[in-house]
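Structural overview
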Amino acid sequence: MFESLTEKLTSALRNLRGVGRLSEENMAEALKEVRAALLSADVHFKVAREFVDQVQQQCVGQEVLRSVTPGQQIVKIIHDELVKLLGEGSTALTEKRPLKILLVGLHGSGKTTSAAKLGRLLKKRGYRPLLVACDVYRPAAIDQLEILAQQEGLGFFSDRTTRDVPAIGAAAVQAAQAQQADAILFDTAGRLQIDQDLIEEVRQLSARIQPDEVILVADGALGQEAVNVAKAFHSALRLTGLILTKLDGDARGGAALSIKSVTGVPIKFVGVGEKAADFDQFYPDRLASRILGMGDVVSLVEKAQEHFDQKETERMAEKVRKADFNLEDFLVQLHQVKKMGSMDSILGMLPGMSGVKLGDGAERQMARTEAIIKSMTIQERRKPEILNGNRRLRIANGSGVKVVEVNQLIKQFQQMQKMMRMMRGPGAKKMMRQMEAMRAKGGLPGM
Amino acid sequence: MLSLFKKFKEGLTKTARAIVEKTVGVFGARPIDATTLGSLEEALYGADFGVETTQEILEEIKTAHRKDPSMRGQQAAVIGAAVLRRVLAGAEGRLENGTGGTGSGPGSPGPGAGNPAVICLIGVNGSGKTTTAAKLGYDLKEDGRSVLLAACDTFRAAAVEQLRSWAQRLDLDLVASHTGADSAAVAFDAWQAAKSRHKDYLLIDTAGRLHTKRNLMDELAKIRRVLQKNDPTAPHHSWLVVDGSLGANSIEQARVFHQSFGLTGIIVTKLDGTSRGGALVGIYRQLKLPIYFIGFGEQPDDLQPFSVDNYVKAVFGLENGA
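Keep in mind that this is a model prediction, so the values were computed, not measured. (Residues numbered from 1 in each chain as written. Chains lettered and ligands numbered in written order. Predicted model: local features only at pLDDT ≥ 70, side-chain atom pairs only at ≥ 80, totals over all residues. Heavy atoms only, no water.)

**Focus on the overall build of chain B**
Put simply, the rule is: Under the scheme used here, helices are H or I runs from DSSP no shorter than 4 residues and strands are E runs no shorter than 2 residues, and both carry numbers assigned from the N terminus. Working definition: with a 1.4 Å probe on protein chains only, accessible area under 20% of the residue-type maximum means buried, over 50% means exposed, and in between means partly exposed. Every residue pair with non-hydrogen atoms within 4.5 Å of one another is taken to be in contact. All accessible areas in this document rest on Shrake-Rupley with a 1.4 Å probe, and a residue is counted as covered only by the protein chains that are shown.
A count of helical and extended segments in chain B gives eleven helices and eight strands. Counting all 322 residues of chain B, 58% fall into the buried class. Taking all contacts inside chain B whose residues are at least 6 apart in sequence as the whole, residues at least 24 apart take part in 77%. Total accessible area computed for chain B in this model is approximately 12000 Å², and 52% of it derives from carbon and sulfur atoms.

**Some words on the overall build of chain A**
Scanning chain A from terminus to terminus reveals 20 helices and eight strands. Within chain A, buried positions represent 52% of all 447 residues. A separation threshold of at least 6 residues defines the contact pool for chain A, and within that pool the share at least 24 residues apart is 72%. Here chain A has roughly 20500 Å² of accessible surface; of this, 51% comes from carbon and sulfur atoms.

**Topic: the interface of chain B and chain A**
Our working definition: Once two parts are put together, the accessible area they lose, assessed with a 1.4 Å probe and summed over both, is termed the buried area. Salt bridges are identified by distance alone: a Lys or Arg side-chain nitrogen within 4 Å of an Asp or Glu carboxyl oxygen. Here a polar contact is recorded for every N or O atom pair within 3.5 Å, except that within protein the pair must consist of a potential hydrogen donor and a potential acceptor, and residues adjacent in sequence are included only if both atoms are side-chain atoms.
At the junction of the two partners, chain B supplies 42 residues and chain A supplies 39 residues. Interface of chain B and chain A: buried area, both sides summed, is about 3400 Å²; carbon and sulfur atoms make up 55% of it. When the shortest N-O distance is used, the salt bridge between Glu42 of chain B and Lys46 of chain A registers 3.6 Å. Between chain B and chain A we count eleven residue pairs in polar contact (both at pLDDT 80 or more) in total. Of all elements in the fold, only helix H2 (34–46), helix H6 (159–170), helix H8 (214–230) and helix H9 (249–261) of chain B reach the threshold of two or more residues within the side of chain B that touches chain A.

**What to know about the packing of aromatic side chains**
To keep things clear, this is the line we draw: Any Phe, Tyr or Trp ring, taking Trp's six-membered ring, that has another such ring centre within 6.5 Å forms a pair; planes under 30 degrees apart are called stacked, those over 60 apart edge-to-face, and the others tilted. Charge over a ring is defined by NZ of Lys or CZ of Arg lying within 6 Å of the ring centre and within 35 degrees of the ring normal.
Going through the model one piece at a time under the given rule, you end up with five aromatic pairs over all chains. Counting every residue linked through ring pairs, the aromatic cluster contains Trp239, Tyr292 and Phe293 of chain B. Sitting over the ring of Tyr127 of chain A, Arg97 of chain A keeps its end group 4.0 Å from the ring centre.

**What to know about the pattern of salt bridges**
Summed over the entire model, instances satisfying the criterion amount to 33 salt bridges over all chains. Between Asp182 of chain A and Arg97 of chain A there is a salt bridge whose closest N-O contact spans 2.8 Å. With Asp182 of chain A in the loop between helix H7 (165–179) and strand E4 (183–188) and Arg97 of chain A in the loop between helix H4 (70–86) and strand E1 (99–104), the pair connects residues that are 85 residues apart, well separated along the chain. On the basis of relative accessibility, which here comes to 15%, the residue Asp182 of chain A falls in the buried class. Overall, Arg97 of chain A belongs to the partly exposed group, its relative accessible area being 47%. For Arg86 of chain B, the salt bridge identified is with Glu60 of chain B, shortest N-O distance 2.8 Å. Of this pair, Arg86 of chain B sits in helix H4 (residues 73–87) while Glu60 of chain B sits in helix H3 (residues 51–67), placing them 26 residues apart in sequence.

**Regarding the sheet that holds strand E2 (residues 129–134) of chain A**
All names here are of chain A. For the record, the criterion: For two strands to be treated as a pair, DSSP must find no fewer than two bridges joining them. All axes here are fitted lines through C-alpha atoms, helices being fitted over the stretch that makes contact, and every angle between N-to-C directions spans 0 to 180 degrees.
With mixed pairing, eight strands are arranged side by side in an open sheet as E3-E2-E4-E1-E5-E6-E7-E8. The open sheet is flanked by strand E3 (155–157) and strand E8 (279–281), the only strands paired with a single partner. Adjacent strand axes in the sheet meet at a mean angle of 25°, parallel and antiparallel pairs treated alike. Pairing analysis gives six bridges linking E2 to E4, with the strands arranged parallel. In the sheet register, Val132 faces E4, and the bridge partner there is Phe186.

**Brief notes about the confidence of the model for chain A**
Selection criterion: The predictor attaches a confidence to each residue, and that confidence, scored 0 to 100, is pLDDT.
Of the residues in chain A, 69% have a pLDDT of 70 or more, and the chain-wide mean is 79. Of the regions scoring below 50 in pLDDT, residues 1–5 of chain A engages in 23 contacts with residues more than four places distant in sequence or in other chains.

**Structural notes on the packing of helix H5 (residues 111–124) of chain A against helix H6 (residues 141–152) of chain A**
Residue and element names in this part refer to chain A. Selection rule: Each angle gets one of four labels, with under 35 degrees taken as roughly parallel, over 145 as roughly antiparallel, 65 to 115 as roughly perpendicular, and the rest as oblique. Crossing handedness is read from the near helix: turned anticlockwise from the far helix by less than a right angle, it gives a left-handed crossing, and turned clockwise, a right-handed one. Polar here means any residue other than Ala, Val, Leu, Ile, Met, Phe, Trp, Tyr, Cys and Pro, which are nonpolar, and Asp, Glu, Lys and Arg, which are charged; Gly is therefore polar.
Two elements in contact, H5 and H6, have axes whose closest approach is 10 Å; the angle formed by their N-to-C orientations is 25°. On the basis of the axis angle, H5 is roughly parallel to H6. For H5 against H6, the interelement crossing comes out right-handed. Across the interface between the two elements, Thr112, Thr113, Ala115, Ala116, Arg120 and Lys123 from H5 touch Gln144, Leu145, Leu148 and Glu152 from H6. Class assignment of the residues belonging to the contact of H5 with H6 gives a composition of four nonpolar, three polar and three charged.

**Looking at the domain arrangement of chain B**
Put simply, the rule reads: These domain limits were set by an automatic method or by a database of domain assignments.
In terms of domains, chain B is made up of domain 1 (4–87) and domain 2 (117–306). For domain 1 of chain B and domain 2 of chain B, the distance between their C-alpha centroids amounts to 33 Å.

**Overview of the nonpolar core**
As a reminder, the rule being used: For our purposes a nonpolar core is just a set of buried Ala, Val, Leu, Ile, Met, Phe, Trp, Tyr and Cys residues, chained together by side-chain atoms within 4.5 Å.
The biggest cluster of nonpolar side chains holds 70 residues, and the ones touching the most others in it are Leu88, Leu202 and Leu227 of chain B. Three or more residues apiece are contributed to this core by two domains, here domain 1 (4–87) and domain 2 (117–306) of chain B. Ignoring sequence-local partners within four residues, the contact set of Leu227 of chain B consists of Val118, Cys120, Ala187, Trp191, Leu202, Ile204, Ala234 and Pro235 of chain B. Counting residues in each nonpolar core, the second largest holds 66 residues, with Leu39, Ala176, Leu216 and Ala256 of chain A among its members.

**Quick word on the side chain of Lys268 of chain A**
All names here are of chain A. Structurally, Lys268 can be placed in strand E7 (residues 267–271). Among the residues examined, Lys268 registers a relative accessible area of 5% and is labelled buried. From its side chain, Lys268 meets the backbone oxygen of Ala92 in a polar contact 3.2 Å long. Residue contacts for Lys268: discarding those within four places in its chain leaves Thr91, Ala92, Leu93, Glu213, Thr240, Gly241, Leu242, Asp280, Gln281 and Phe282.

**Considerations on unusual backbone geometry**
Along the chain, Arg97 of chain A connects to Pro98 of chain A via a cis peptide bond; the corresponding omega equals -5°. With respect to the helices and strands, the residue Pro98 of chain A is situated in the loop between H4 and E1. In this chain, Ala234 of chain B is followed by Pro235 of chain B through a cis amide linkage whose omega measures -10°. By secondary structure assignment, the location of Pro235 of chain B is in the loop between H8 and strand E5 (237–243). With a phi angle near 60°, Gln180 of chain A is a residue other than glycine that sits in the positive phi range. Secondary-structure assignment places Gln180 of chain A in the loop between H7 and E4. Using a relative accessible area of 61% as the deciding quantity, one classes Gln180 of chain A as exposed.

**Notes on helix H5 (residues 129–142) of chain B**
Residues and elements named next belong to chain B. Just so we agree on the cut-off: An expected span of 1.5 Å times one less than the residue number is assigned to each helix.
For H5, with 14 residues, the first-to-last C-alpha span of 20 Å sits near the 20 Å given by 1.5 Å per residue. Within H5, ten of the 14 residues are buried, which leaves the element mostly enclosed by the surrounding structure. When we look at burial in H5, the residues that qualify are Lys129, Thr130, Thr131, Thr132, Ala133, Ala134, Lys135, Leu136, Gly137 and Leu140.

**Structural notes on the pairing of strand E5 (residues 213–219) of chain A**
Residue and element names in this part refer to chain A. Selection rule: If you view a crossover with the strands going away from you and the path from the first strand over the helix to the second runs clockwise, you call it right-handed.
Counting buried positions along E5 yields seven of seven residues, so the element is predominantly enclosed. Burial along E5 is two-sided: the face carrying Glu213, Ile215, Val217 and Asp219 and the face carrying Val214, Leu216 and Ala218 are both buried. Of the strand pairs in this sheet, E1 and E5 are connected by four bridges, and their pairing is parallel. In the sheet register, Ile101 faces E5, and the bridge partner there is Glu213. As paired elements, E5 and strand E6 (residues 241–245) share five bridges and run parallel to each other. Bridge pairing in E6 links Ile215 to Gly241. Between the parallel elements E5 and E6, the chain passes through helix H9 (residues 225–237) in a crossover that is right-handed.

If you want it as structure tokens, here you go:
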């Protein structure tokens, strides 16, 4: 997400980097480009103007002109201003039980999907979520929520006999009490912010259920319209938070800046894929870093912690240490990586990778590897050395690949084993040094 | 035609009002000065026309203003409308008359004798493909054509049920399978059914996919391959359904879908909000893909053929002449 904004800012500031000393003229030029970049990233006109003004003021105030590395300092100022604009600090949900969350938004912004994702997250945090279907208009919207609730093992409430949405909400609150559900998520119909009748309906629903959180679900690719939408929903319902969706696309996400700056409502979560796990807490400082191409390593680490089973990881580390690592273990690792979400969403968090698109080649490769290993017998997985020509042919046929690919996998695996053995021996230190050197070379993007 | 404009205008009224409101006096009788030019710039950016078109309009107005410092707001609106008309020249897509539509592009062959004309609706998640498929089916039926809907969104939970419920409501034929089924197989079966039931049109509703997901884009290619086994000229129309409230990213969406699937046109939805849907200008400017329909709401008859004239007039608040 935000790759393009990053690119544009980078190129806008490139001129500055080469310059030994910053003159007012070349700063003005760069700031003009920053404004253009923000505008083409769908940041609202006024927000963009204010942002640029602020950065300019900061620059003058801090006497950037006399600093030794003006480029770095400007990047720092833009970064700080971005963080300020996006809202400082983390943005957690209210800690209340029962916790009532109302999800609202335009059509197709991703409310139903977000309801399921949020429910899954709350369940992980020890809540008993109940998803409530309040979209009585879109055909099959209730079915959609019900199916998602089932898939994620969440409670579900609906009443298909009525269109009285506030009544459905009130009944759901009661049902939640009876079922001892302590997180109630209300999925509402998509509505235009100017549709008076529907806005009134959701206001009444809100009045009846008294939600602890009212969250606007907004498409990350929204245009200038984002400001009007957010303002209207905010004044009608007093929003407490925002979920930004579809950020696994390449939308520049300027809408996030706009909405945040006109409503002051914190962005709480971001949707980054179609899987229920592709849902992240929002951290403004990280996002600002990411906008500037500094990556999002912290998110990645947390994601890994959430999905990697601690014990399993330790067992694996032990195996690696003893070079007693077979294809079965490899399969387990593959599954763990898969649980972290799509490869692209993982890659996007790495420094310097924000513009890189893995495409789905890597994902497909992973699926193939998995298929190959799964076509082996348990014995073969544990002792890959018994894989002779016949066995390899059978495996290739079983997994729908060519024998060459099976050979390749086995060869790669053998190399890995060899490396593990080296790590055990006296060569380990030397190798670690080599790896360090490699990391330093390919490393963090310098500003 | 008059009623069409009325509908169009009603849909975009808030648009027209928004631009006029924001630029109080700018498009009115007052002479233009630096302040009004500033608010004009803001209004144009606010319409999502994109940086290029906005600057083009501004330049022309400024040039005219230098020549005639006493220029009034109304004249500026006329200039803006003229620029927009120029940018959008040839942007109207039309389904041709007679049974079975033909491709819009020059030389694109129509369906073989007795074969249905195939229309594929594709786009990112939540752009409004399923609703558009239903509306389009309804429009074609009202127009006396026979239509078959194919529910090829086998991914999203309850997407099939959504289209089925539309089909029942509007009395349209539907071929569907279950969630998780192979979408290309559904397309294949639907084509066979459309052929044997002598349908004029086969409307294919596909699953939403972000243009950045290559495997999902490959799935689209498979649908195309399978259709072409039945009729090498299919699909005859591949339309991207774009949410009109999106910004510049919709151009990127269109570009990628066009590259990997080969689009023949665009449908812009959700223009009943305050969005000016200006992104359609950017898409047309970049890709020259005709815009066939625009959607104004959730009712079956809320889909209207795109008219440059109506759009430009509505956006600039010009009612008569110009």
